[in-house]
Amino acid sequence: MTDLTTIAGTYVIDPSHSELSFTARHAMVTKVRGTFNDISGTATTEANLQNARIEVKVGVESINTRSADRDGHLKSADFFDVAQYPNITFVSTDVQGSGDTLTVTGNLTIKDVTKPVTIDFEVSGPATDPFGNERIGAEGAIEVNRKDFGLTWNAALETGGVLVSEKVKLAFDVSLIKQA
């Protein structure tokens, strides 16, 4: 079990071992899954989570749903408008811990729209990897309404309903490396 009160220092996201994925209902019957491959950020804290702060930046251009056409549409002005809004960001406003659960409240910004969200993370570690790096892992998920962030495009289906659900699940699986 992780003791969050003993973790202190500055940690950076290891992008090769981290992922922000999403799931949205498609055509009312199935799900589309994707990832953002460009994720970076830092987490800093003193002992007992004093002055804890987390900042994350996601490059929207890195979206990958395993369909080039769909990825292109998601990058267009219909959805993320990558040309005007290249990044999704998150900045914490409050970090609390209990056992191995970290509750992080902060501001999520998509397409220049900022909304407060709270994410519970299950934290594992610290552990030392074979290269001598101290690592911490964090996994968490939230559900957001994409329309709240200006992602409003949709298409009506002949059988009723819409092509893309409003609710989108965001899942974070992050590996952080302590800095010297």
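Our subject is the structure listed above.
These numbers were taken from a predicted model, which means no experiment stands behind them. (Residues numbered from 1 in each chain as written. Predicted model: local features only at pLDDT ≥ 70, side-chain atom pairs only at ≥ 80, totals over all residues. Heavy atoms only, no water.)

**Student:** A description of the overall build of the chain should follow, citing residues and the corresponding values.
**Tutor:** For the chain, the helix and strand inventory stands at one helix and nine strands. Put simply, the chain runs from its N terminus to its C terminus through helices and strands in the order β-β-β-β-α-β-β-β-β-β. What you see for the chain is a C-alpha radius of gyration of 18 Å, in line with the 16 Å of a compact globule of 180 residues. Projected onto its principal axes, the C-alpha positions of the chain cover 55 × 30 × 30 Å. Here the chain holds 180 residues, and 38% of them are scored as buried. (Helix = DSSP H or I, 4+ residues; strand = E, 2+ residues; numbered from the N terminus. Rg over C-alpha atoms; globule rule 2.2 N^0.38 Å. Buried < 20%, exposed > 50% of the residue type's maximum accessible area, 1.4 Å probe, protein only.)

**Student:** How would you sum up the pattern of salt bridges? Please name residues and give values.
**Tutor:** For the coordinates displayed, the defined rule picks out five salt bridges. A salt bridge links Glu 61 to Lys 75; its shortest N-O distance comes to 3.2 Å. In this pair, Glu 61 is assigned in strand β4 (residues 53–64) and Lys 75 in helix α1 (residues 68–75), connecting sequence segments 14 residues apart. Note that Lys 147 and Glu 166 form a salt bridge whose closest N and O atoms lie 3.3 Å from each other. (Salt bridge = Lys/Arg side-chain N within 4 Å of Asp/Glu carboxyl O.)

**Student:** Explain the nonpolar core to me, and be specific about the residues and the numbers.
**Tutor:** Counting residues in each nonpolar core, the largest one holds 43 residues, and the members touching the most others are Phe 36, Phe 80, Leu 108 and Leu 170. Broken down by element, this core gets its largest block of residues, six residues, from strand β9 (residues 164–178). Setting aside anything within four residues of it in sequence, one finds Leu 108 in contact with Ile 88, Thr 89, Phe 90, Val 113, Thr 114, Lys 115, Val 117, Val 144, Phe 149 and Leu 170. (Core = buried A, V, L, I, M, F, W, Y, C linked by side-chain atoms within 4.5 Å. Contact = heavy atoms within 4.5 Å.)

**Student:** Describe a positive patch on the surface, and please don't skip the residues or the numbers.
**Tutor:** A contiguous patch of positive charge on the surface is contributed by Arg 25, Lys 31, Arg 33, Arg 66, Arg 70 and Lys 169. By the secondary structure assignment, Arg 25 is in strand β2 (residues 19–26). With a relative accessible area of 34%, Arg 25 lands in the partly exposed category. (Patch = residues over 30% accessible without salt bridge, like charges linked within 9 Å, V, L, I, M, F, W, Y side chains within 5 Å. Areas by Shrake-Rupley, 256 points an atom, 1.4 Å probe, with all protein chains shown as cover. Lys, Arg positive; Asp, Glu negative; His and termini not counted. Charge placed at Lys NZ, Arg CZ, Asp CG, Glu CD.)

**Student:** So what's going on with the packing of aromatic side chains? Which residues, and what values?
**Tutor:** Per the counting criterion, the structure on display carries three aromatic pairs. Ring centres of Phe 22 and Phe 36 lie 5.5 Å apart, and the angle between their planes is 45°; on these two criteria the pair is classed as tilted. With Phe 22 in strand β2 and Phe 36 in strand β3 (residues 30–45), this residue pair connects regions lying 14 residues apart in the sequence. Judged by its relative accessible area of 10%, Phe 22 falls in the buried class. (Phe/Tyr/Trp six-rings, centres within 6.5 Å; stacked < 30°, edge-to-face > 60°.)

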